[in-house]
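What follows is the residue order along each chain.
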Amino acid sequence: MSTHSTRTVVVTGASSGIGKATAAAFAAQGDKVIGTSRNPDSIAERVPGVDYRALDLTDADSIAHFAAELGAVDVLINNAGESQAGPLAELPGAAIERLFQLNVFGAVALTQAVLPGMRERGYGRIVMVGSMLGSFPMPYRSSYVATKAALRGFATAARFEESPFGVWITTVEPGQIDTGLRERRTKYLNEGSSHTADFTKFMAKLDEQQGKGIAPERVARTIVAAAAADRPKPLYAVGSNAPVMFAVRRLVPRAVMERLIAASYGLKR
Ligand SMILES: NC(=O)c1ccc[n+]([C@@H]2O[C@H](COP(=O)([O-])OP(=O)(O)OC[C@H]3O[C@@H](n4cnc5c(N)ncnc54)[C@H](OP(=O)(O)O)[C@@H]3O)[C@@H](O)[C@H]2O)c1
């Protein structure tokens, strides 16, 4: 990286929600922003200054083509993702695999594509957009929780390998954010499932809370600040009373934390 204004930033999933707000925040501070969407032509409200490119993270050819055209990247924000819900016993294997391909393997492939150049140039920032669910697992979200925990795992381990060379990988865990993601969430529940009552009750409460979530622009500010830090922290969290939640988690035994989460959702224990 030479000067702040010449940073090239890639934001995946820049067509809506957190990715759109993040692309806008980087563009507003003068960075050169490449934003992705599976179908850039369908983006109704484009953020001025963002160079939109096609990328489908479930398609290896699409990732390879996108990466080959990139050039030097200073900052990569692995934001694109999908939300999924359903009892583990009833999640189709193909759905779990697709979720991992999008939320984890796609992000890992892009990270691998940019890391050598960042290391060679002695500067790089990679932000994995995880989820507080990765730190505070909840029922009926096992596949999603697992993808976000996996993403954080890649980031926190590889930091040790790359930070001595000026390349910092970090994770930002948003809590409940009002992006409409819940309307796009894929749900799996067998007809006549014995989970129906609990699943329906839990999802209604979760959706209600997400509707009251903070604005994606607030998450974007955290992502931009993480990417600007000289030594980004291993983990940032924003929304859902994150400071209180993580403080309580440090203080109380895991079993107690589990009971607190269950109680807050009216779940049987
Ligand atoms: N909203 C929340 O409460 C919340 C909380 C914690 C974490 N997060 C995480 O934050 C990130 C953004 O979420 P959001 O709420 O902003 O969701 P969103 O508004 O639904 O945005 C998701 C983005 O991912 C892109 N995307 C979807 N499928 C893709 C694929 N196969 N290949 C490439 N891109 C794909 C979409 O772009 P196209 O459809 O244009 O391709 C879209 O830009 C996700 O990783 C999510 O898990 C969200």
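Another point: the site of the ligand. Near the ligand, the surroundings consist of 29 residues, among which Ser 15, Ser 37, Tyr 144, Thr 179 and Gln 210 are the closest. The side chain of Ser 15 places a nitrogen or oxygen atom 2.7 Å from an oxygen atom of the ligand. In this structure, a nitrogen atom belonging to the ligand sits 3.0 Å away from a side-chain N or O atom of Asp 56. Considering the ligand on its own, with 890 Å² of exposed area, one finds that the protein chains cover 93% of that surface. Elements that contribute at least two residues to the shell around the ligand include exactly α1 (17-28), α4 (142-162) and α5 (181-184).

Further remarks concern helix α7 (residues 216-228). In this model, α7 (13 residues) spans 18 Å end to end at C-alpha, consistent with the 18 Å of a helix rising 1.5 Å per residue. Those residues of α7 lying buried are Pro 216, Val 219, Ala 220, Thr 222, Ile 223, Val 224, Ala 226 and Ala 227. On the buried face of α7, the contacting elements are α1, β4 (75-78), β6 (124-129), β7 (167-174) and β9 (235-238).

The rules we used
Residues numbered from 1 in each chain as written. Predicted model: local features only at pLDDT ≥ 70, side-chain atom pairs only at ≥ 80, totals over all residues. Heavy atoms only, no water. Near = heavy atom within 4 Å. Polar contact = N/O pair within 3.5 Å; in protein donor to acceptor, adjacent residues only side chain to side chain. Areas by Shrake-Rupley, 256 points an atom, 1.4 Å probe, with all protein chains shown as cover. Helix = DSSP H or I, 4+ residues; strand = E, 2+ residues; numbered from the N terminus. Expected span 1.5 Å × (residues − 1). Buried < 20%, exposed > 50% of the residue type's maximum accessible area, 1.4 Å probe, protein only. Contact = heavy atoms within 4.5 Å.

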